[in-house]
Amino acid sequence: MLCLTPISTLRSSSTFRFPSASTVISAATRAATATDNPISVSVHSILDTFTDIEPHLSPLVPSLTRHSVSAVLSSLHHRPLSAFRFFVWSTHIPSLRSLASRDAAVSVLRSGGPHSAWTVLRDLRCCRLPIGPLAFDVIIEAYYASGAVDDALKAFVKMREYDSCPNTFTYNTVLHVLVRERMVEVAVGVFNQMVMSGSHPNRSTFDILIDGLCKFGRFGGAITLFNEMFERGVFPSTTTYTVVLSALFRAGRVDDALSLVGAMRSNGVGLNSVTWSVVLNGFCKLGRIDEALELGLLFKRDGHDLGVFNYSCLIDGLFRRGRFGEAVGLYKVMLEEEKVELNHVLYGVMIKWFSKAGRLVETVGFLNEMRRRGLVPNSFCYNALVEGLCREGYLEIAYRIVRDLSDIADVWTYTILINGFCQAQLTDRGFELFKELQMKGYSPNNVTYRTLIDGLCKAGNLEEALFVYHSMDGRGRDPSPFIRHVVFFCDSGEVFKAYELLRGLGDSGLVLDIRTYTVLINGLCKARKINEALEIFKDILIKGHSPNVVTYGTLIDGLHGVGRLEISLLVFQLMLKGGCHPSLPVCVTIMKSLCQMRRVSKAITLWLDYLLLGSGFSDRELEALAIVRREFEAGCIKQAIVNLLDLDCNRDTVDYLPYTVWIIGFCQVERTGEALMIFHALKERGIHVTPACYVWLVRNLCQEEKLDSALDVMLCALDEGVLLWNKGNELIERLRGRNRKRDASDLLCRMIEAGKGHSLINNGSISKTGNIFLDPLSAEDVIYIWAEIALLGLLCDERL
C-alpha cells in the first residue's frame, strides 16, 4: 500500500554524488598551487621529514583549509602512501572534510594502486591511531574505479578488523557499487545490515536502492522501500517520485501512480518536465488517455509548457484508442494556439496513424506540410505512406513513390513494398522488386528474405522460393519459412497439405534431410501436436531415412511432456532395435517416464541395460554388473548402489543423474527409505545430488514426521550451498511444533550462514529487522553474520 499521507514539511538532504576522476583538476596545476602556498609548503616539509606525521600536522590545523588540503593531496599524485595518510588524518577534522579532497584521494589511490592503502592502515593500527570510515570510502571507490569490484567489497567487510564502523556515506558507496554490478539482492542485504547497525539511511540511500530495484524489475520491493522512507522520516525528492512512478507504470499499477501524483501535489513536491513526461507517457501507453489529458491540463494550469514530446504522447495515445477527431483537434490546438514548434517525431505520429486508417490524402498533406515548415521527411514518414498505400491496394502508386525517392528509400521501404505485392498474390512483381533492390546496391536483410520466400511459398512458386533461399548468405540461410508452412498446415489440422508441401519441396530440389525433419518434429512437439509429429516420424521411416539420436530424443521428450509415456517407451524400444545408441539425456527421460508410471525398478534395470550397450567392459566388470542386477532384484538397494558406485568410480565414469532420478522416483512412490539409502550412499562418496532431490526428501520426511532425518538432509543441502527456503521454513515450523526450538534456531542460523538471510526482501516486502529471528539469535549475532558471512560469502555469487 503506497504511503500517500500529505507531508506538511519537506526536509532537504544533500544529494549523494560519486564524482569521477575527470572532476579533479590536473595534478600538475594543483602541485604548482601547493608549492606557491606557504601552508602547503609546510605540509610537504612534514610529509618529507617525518613518518609519524600526525602530531606534527596538528599545529597547522588553524591555518589549513579545505582547499589547501585538496591541493596538497593533488600534488602528491606520485606518492600515494603519503597522500593517503594525510587524507586519513584530515578526515578526523570536520572543518577540513570536503568532496574535493575525497576526489583527490580517490584519484591518487587509483593511479598509485589501491592496495598501497593497506600499508598505511596497518601502520596506523600499530600506532593505535583512529581510522575513520571515510578512509574506507576512498579505498572502496578507488578499487571500483580500477575495475576491482571484489576487492572494493572486501574492503568494506575488512573495516571491522580496523575498528572502524561504516557510516551512512560508506554504506551508500557500497550500495552504489552493488547496484551498478547488478547485485541487487546483496545490496538489499547490506541495507538491512545498515539498519541493524544503527546507521540511518538518508534520501540518497533510498534513491540508490529504489533505482536499482526498478532497473531490474523488482517493482514491488522498490515501492516497499518508498513507503519505508516515510516511516523513517526521510522525504523523497522529485527524482525519487519520478523513478517510483515509472516503476508503477511498468508494473501496470496505474491507479496507484495517479494517487501518487495527487500526493506529490498535496505535499508541495514539484513535478518537473521529466516527471510529467513519465506520467503522460505511462497513461497513454496503458490506454488511460482520459487521465493523461486531465494531467496535461493540470500541468498547463501550473504554468508549464507541455512541449512537443508530451503532445506527441497524448496525440499518439488518442490515435491508439481510435479517437481520431480528438487527436486532430489536439494537434490543431498545439499548432494554432500553443504555437509549439513541430518536429519529425510528431509528424511521424500523424503520418503513421492517418496512413493506418487509409486516409492517404491527409497523409500526403502532412508530408507537404513538413516541407513547407522546412522539415525534410525521413524514411520513417515515407515508409508509413508506402505501407498505407500497399494496405489500400495502391501498389503501383506506392511503387512510383519508391522509384522517385530512390535517395530516401531504404531496405525497409523495399521490404514493405515486396510484402504488399506478395500479400496481393503478385509474387512475380515482388520477385522483380527483390532483384531491383539488389541492383541498387542494397543488402536484403533476413526480414526481406523471409517476406519474399513466405509469399512465394504461399503462391506455390517453390522454384523461385528456393532460388531466393540459395541466394542468401550461408550464415543467415534458414529453411524455416518452408518448414513454417508445413507446421502451419499441421496446426490447422491440414496434415495432407503439409505432406503435399513436403513432397513439393523435395521435388523442387530442397533436400529435407533428417535434421530438417527433426526441426519439424520439434516444432510440432512444442505446439503439442504429438499425433502429427508421430505421423511425420512414420513418414521418415517409410521414405527410408534413418532417424538419429536427436530425432528419437526430440520425439521421446515430446511424448514425455504430454504424458504419452507408454508410446515414448515404444519409440525407445524402436530406437534400440534400429541400432541407435541412446544418449544419456534420452535414457534419463525414459527413466523419468518409468518413475512417473511407478515402475522405479524398471528404471534401474533400464540403466543397467544402457550401461551394457557401452563398450570397453572387462569380464570382471561385466560380472560386477550382473551382481548389481541380482542385488536390485533381491531388494538390496543400498548394497547394489554401493557396488554400482564402486564400478563407476573404478571406470571414472560417475554420473549423478541416474541416481537422482531414482531418488525422486522412490520418493514419488512413497518409498522414502530406499531413496534415503541411495542418498546416503552418494554422500559417503562425496557425490552431489540435484536440489530437486533435497526438496523431495525433506518433503517426504516431514510428512512422515521423521524430523531427525529431514534435518540431516537439510543440513547436507546447506553444506552444498543449496538454499531450500520453503522446505526449510516448513521444517522449522514442524520442529517448533515439537517444542524443539533449539534445533529450529540452529537451522535458521545455518540457513542464514549459507548465504541468504530472512531480512532480504521477501514476497515483495522487507522484513522488519529483529522480528523474524528466534530467541537464541540476538541482534548482535545477526550483525556479525551479515558482516562476516553474507558479504564475504555472497558477493561473488553470480546467482544473485
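In the nomenclature of an unreviewed UniProt entry, the chain corresponds to Pentatricopeptide repeat-containing protein from the organism Acorus calamus. We quote the UniProt Sequence similarities (unreviewed entry) comment for the chain here in full: "Belongs to the PPR family. P subfamily."

Help me understand the overall build of the chain, please; the structure alone is not making it clear to me.
Broken down by element type, the chain carries 44 helices and two strands. Scored against the burial criterion, the 800 residues of the chain give a buried share of 50%. Considering only residue pairs separated by 6 or more positions, the chain has 64% of its internal contacts joining residues 24 or more positions apart. Carbon and sulfur atoms form 51% of the exposed surface of the chain, whose accessible area is close to 36900 Å².

Just to check I follow, could you spell out the nonpolar core for this structure?
In globular proteins that are soluble, nonpolar side chains generally tend to be buried together. Among the nonpolar cores identified, the biggest contains 164 residues, and F84, I139, I210 and Y331 are the most heavily contacted of them. Here I210 is in contact with A222, L225, F226, M229, T240, V243 and V244, once residues within four sequence places are set aside. Formed by 85 residues, the second largest nonpolar core is a distinct cluster that contains Y517, A533, I687 and W725.

What should I look at first to understand the environment of E705 in this one?
Following the sequence through the fold, E705 ends up in the loop between α40 (691-703) and α41 (707-719). Judged by its relative accessible area of 33%, E705 is partly exposed.

How do you make sense of helix α43 (residues 741-753) when you look at a structure like this?
In an α-helix, one turn spans 3.6 residues, which is why side chains three or four residues apart end up on the same side. Here α43 spans 18 Å end to end across 13 residues, near enough to the 18 Å set by a 1.5 Å rise per residue. Within α43 the residues assigned to the buried category are A744, S745, L747, L748, C749, M751 and I752.

Could you clarify how one ought to interpret the packing of helix α34 (residues 584-596) against helix α38 (residues 656-668) in this entry?
Axes are the key here: two packed helices are described by the angle between their axes and the distance separating the axes. Close contact between α34 and α38 brings their axes to 9 Å; oriented N to C, the two are set at 10 degrees. The angle between the axes of α34 and α38 places the two elements in the roughly parallel class. Contacts from L584, V588, M591, K592, C595 and Q596 of α34 reach α38 at L657, P658, V661, W662, G665 and Q668.

Is there a simple way to explain the state of the cysteines in this structure?
By definition, a disulfide is the covalent link that joins the sulfur atoms of two cysteine residues. Enumeration over the complete set of coordinates arrives at zero disulfides. Free of any disulfide, C693 has its nearest cysteine sulfur in C667, 7.7 Å distant. According to the relative accessible area criterion, C693 is buried, its value standing at 0%.

Please clarify how the packing of helix α11 (residues 184-196) against helix α12 (residues 203-215) should be interpreted in this entry.
Packing of α11 against α12 leaves a shortest axis separation of 10 Å and a crossing angle of 155 degrees. Here α11 is positioned roughly antiparallel relative to α12, judged by the angle of their axes. Crossing of α11 over α12 shows left-handed handedness. Counting all contacts with α11, which are made through V184, A187, V188, F191 and M194, the residues of α12 involved are T205, F206, L209, G212 and L213. Here the contact of α11 with α12 is composed, by residue class, of eight nonpolar, two polar and no charged.

Looking at this structure, I do not really get the side chain of T205. What am I missing?
Relative to the assigned elements, T205 resides in helix α12. Not counting the four nearest positions on each side in its chain, T205 is found in contact with T168, N172, L175, F191 and M194.

Got a minute to help me understand the pattern of salt bridges in this structure?
Where charged atoms from two side chains of opposite charge come close, those side chains can pair. With the rule as written, the count across this model stands at 29 salt bridges. In this structure, the salt-bridge partner of D316 is K352, at a minimum N-O distance of 3.5 Å. Here D316, found in helix α18 (residues 307-320), pairs with K352, found in helix α20 (residues 344-356); they are 36 residues apart in sequence, far enough to count as distant. The buried category is assigned to D316, whose relative accessible area is 13%. Residue classification places K352 among the partly exposed positions, given a relative accessible area of 23%. In this structure, E704 engages K706 in a salt bridge whose closest nitrogen and oxygen atoms are separated by 3.4 Å. Residue E704 is classed as partly exposed on the basis of its relative accessible area, which comes to 32%. Given the relative accessible area of 43%, K706 is considered partly exposed. Sharing partners across several salt bridges, the network here consists of E705, K727, E730, R734 and R738.

The rules behind the values
Counting restarts for each chain, with residues numbered from 1 along the sequence as it is written. Given that this is a predicted model, residues contribute local features only at a pLDDT of at least 70 and side-chain atom pairs are listed and counted only at 80 or more, while totals for whole chains, interfaces and linings are drawn from all residues. The basis for every side-chain value is the complete set of non-hydrogen atoms in the structure, without hydrogens or water. UniProt positions are given in the numbering used here, feature names are shortened, and annotations may be inferred rather than shown by experiment. Here a strand is any run of E in DSSP of at least two residues, a helix any run of H or I of at least four, and the numbering for each starts at the N terminus. Burial classification: accessible surface area is computed with a 1.4 Å probe over protein chains only, and a residue below 20% of its type maximum counts as buried, one above 50% as exposed, and the rest as partly exposed. Should any heavy atoms of two residues lie within 4.5 Å, those residues are considered in contact. Here the Shrake-Rupley method, with its probe set to 1.4 Å, supplies the accessible areas, and only the displayed protein chains count as covering residues. What we call a nonpolar core is a set of buried Ala, Val, Leu, Ile, Met, Phe, Trp, Tyr and Cys residues that are connected through their side-chain atoms within 4.5 Å. An expected span of 1.5 Å times one less than the residue number is assigned to each helix. Orientation is described by lines fitted to C-alpha atoms, with helices fitted over the stretch in contact, and by angles between N-to-C directions that extend from 0 to 180 degrees. An angle counts as roughly parallel when it lies under 35 degrees, as roughly antiparallel when it exceeds 145, as roughly perpendicular when it falls between 65 and 115, and as oblique in every other case. Two cysteine sulfur atoms form a disulfide, by the criterion used here, when they sit within 2.5 Å. By convention the crossing between two helices is left-handed if the near helix lies anticlockwise of the far one by an angle smaller than a right angle, and right-handed if it lies clockwise. Amino acids are sorted into nonpolar (Ala, Val, Leu, Ile, Met, Phe, Trp, Tyr, Cys and Pro), charged (Asp, Glu, Lys and Arg) and polar (every other residue, Gly among them). Criterion for a salt bridge: a side-chain nitrogen of Lys or Arg within 4 Å of a carboxyl oxygen of Asp or Glu.

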